Amino acid sequence: MRVARSSSALRLPLTLAAALLAASTAARAQAPARVSYAPAGWDAGTKLREAVDINPDPNIVEINLTAKVADVEVAPGKKVTAWTYDGGLPGPLIRTKVGNRLIVHFKNELDASTTVHWHGVRLNIEMDGVPGISQPPVKKGETFTYDFIVPDASLYWYHPHVLSNAQVGFGLYGALLVEDPDDPVGLADETTFVLSDIGFDSKGVLEDPESGGSAGMVFGREGAYVLVNGRTRPTLKARPGAPQRWRIVNSAKSRFFYLDLDGQEFTLIGEDGGLQASPTKSSILLVTPGERKDVIVRPTGKAGSELTLRAMLYNRGYGSIEYRSVEDIMTIAFTDDPPVTKYELPKISRTLTPPPLAGATPVPVVFTLPPQEAGHNEFRINGVPFWKAQPFKAKIGETQLWTVKNDTDFDHPFHMHGFFFMVVDEKGAPVQPLVWKDTVNIPLKTTARFLVTFDNRPGTWMLHCHILDHAEGGLMGTVQVGDGPVLTHGHEPPKK
Ligand code: C2O
Ligand code: CU
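Scope of this entry: the structure provided in the associated data block. (Residues numbered from 1 in each chain as written. Chains lettered and ligands numbered in written order. Predicted model: local features only at pLDDT ≥ 70, side-chain atom pairs only at ≥ 80, totals over all residues. Heavy atoms only, no water.)

**Here's the deal with the coordination of the copper ion (ligand 2)**
For the copper ion (ligand 2), the full set of protein donor atoms is His412 (ND1), Cys465 (SG) and His470 (ND1), at a range of 2.0 to 2.1 Å. For the copper ion (ligand 2), the single-chain donor residues occur in sequence as H-x52-C-x4-H. Of this pair, His412 sits in strand S24 (residues 412-416) while His470 sits in helix H4 (residues 468-472), placing them 58 residues apart in sequence. Of the residues examined, His470 reaches a relative accessible area of 0% and is grouped as buried. (Donors = N, O, S within 2.8 Å, 3.2 Å for Na, K, Ca; no water. Helix = DSSP H or I, 4+ residues; strand = E, 2+ residues; numbered from the N terminus. Buried < 20%, exposed > 50% of the residue type's maximum accessible area, 1.4 Å probe, protein only.)

**Observations concerning the pattern of salt bridges**
With the rule as written, the count across this model stands at 36 salt bridges. Among the ionic pairs, Arg255 bridges to Glu222, the shortest N-O distance being 3.6 Å. Placement of Arg255 in the loop between strand S12 (244-250) and strand S13 (257-261) and of Glu222 in the loop between helix H3 (213-219) and strand S10 (225-228) is noted, with a sequence separation of 33 residues between them. In this structure Glu222 comes out as buried when scored by relative accessible area, which is 13%. As a salt-bridge pair, Asp272 and Lys437 come within 3.3 Å of each other at their nearest N and O atoms. Placement of the pair is Asp272 in the loop between strand S14 (266-271) and strand S15 (274-282) and Lys437 in the loop between strand S25 (422-424) and strand S26 (439-442), with a sequence separation of 165 residues. (Salt bridge = Lys/Arg side-chain N within 4 Å of Asp/Glu carboxyl O.)

**Comments concerning the sheet that holds strand S27 (residues 447-453)**
Consider a sheet: its strands pair through backbone hydrogen bonds, and that pairing is either parallel or antiparallel. Taken in spatial order, the five strands of this open sheet run S21-S20-S23-S27-S25, and their pairing is mixed. Bordering the open sheet on either side are strand S21 (380-381) and S25, each of which pairs with just one other strand. (Pairing = 2+ DSSP bridges.)

**Regarding the pairing of strand S3 (residues 94-97)**
Side chains Ile94 and Thr96 of S3 all project onto a buried face; the interleaved residues Arg95 and Lys97 project onto a face where none is buried. For S3 and strand S8 (residues 174-179), the ladder comprises four bridges, and the chain directions are parallel. Each residue of the ladder has a partner; that of Thr96, found in S8, is Val178.

This is the structure in structure tokens:
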């Protein structure tokens, strides 16, 4: 080390450096060793491109990100002229560690304005990527630097907040992974899956995002090509019985992913805001738009055989099962490595403190879809579509109990920017196991309740359905935290 040769003038920094070095060595010694069982190249068929960190400081991740049109092959011979981050679909995986500063030099080379929203990250409003509210839109040829701390370990994602039903559907989305160096899962065989879809014709021309008019908006438009990390039906290799950690985000603008792995089990260990209080097991896994799921799978089968990961039919309202079919989305191919018969997931438990119910301010919310007026549908929150809405209000430090009644015949994955919430039952008791959410599905004709504390990050924050057609069709609003200027929304109403 260079500092070892320093003169007496550098003695203090040297001591400091030694102390820091000792501390980091100790931390490394305590971090659980990560075991690997996966065959070589197991994820070569699915692996995401990663953003390149240009900053040598270990606590800063600094990247360049450019939005531009590019031809992308999603299946052999199937090319689409998509809107991309850095020329690929999905955008690059941004890998950070909890507490890092993330600096993103964003450049817009599209022929339209855009922004980048960092879905789920508890950042300051200036970095939230909402045009007209937290920043001006980034026009064609312009740049914007996003710069914030990633305070919580989990999987997040990024996407535009300008005409998002169009821009996300065109291909603008990517994953942001915030790792915890002391992660208790202890598994090296980990991979991230960005699930999405895209629609285009035989010439590779993107589908019209307004297809079907306002009825198309109500159904929620899905693209015909279902993608796992930008590919149709890729293959993941597996050693029989070996555990794999899958970190999943649904980046589709409307499609729900109701996942089945030939009946095999998913062990859910975390969701939007990181690990849950304790793991739960299920044979089917619902991932609605905007949500993240952190699961362990242990696919079993004979050497040389295959399993299929399928998106099953899920009824999210009329039109969502009637005209659709089960989709095979990924192949799991077993290698002839000897099976792993003994594996015990380390004890994963996390202490989470729910926001206090006592004294929480009730916030009643109702979603409706009134009968058409002038041949046009619009979703409404408390009687108005977003372009007529006033913000909800919250004081800094206030805890609120939101009761969101979905009085429509369609599911709505409800997302709030900037703050995690905890889902509770009719009595206000948190649903077990405890977990932080930023997006929760509210099935048709049901009510969801959650507790949220607005910490000291004043600003006007968006809330909306993450079926992005629904958001642009009215199901969007804001909550004004603190007493800044009253901003209603940064989005234009649809042109009729
Ligand atoms: Cu994924 Cu307004 O958010
Ligand atoms: Cu919706």
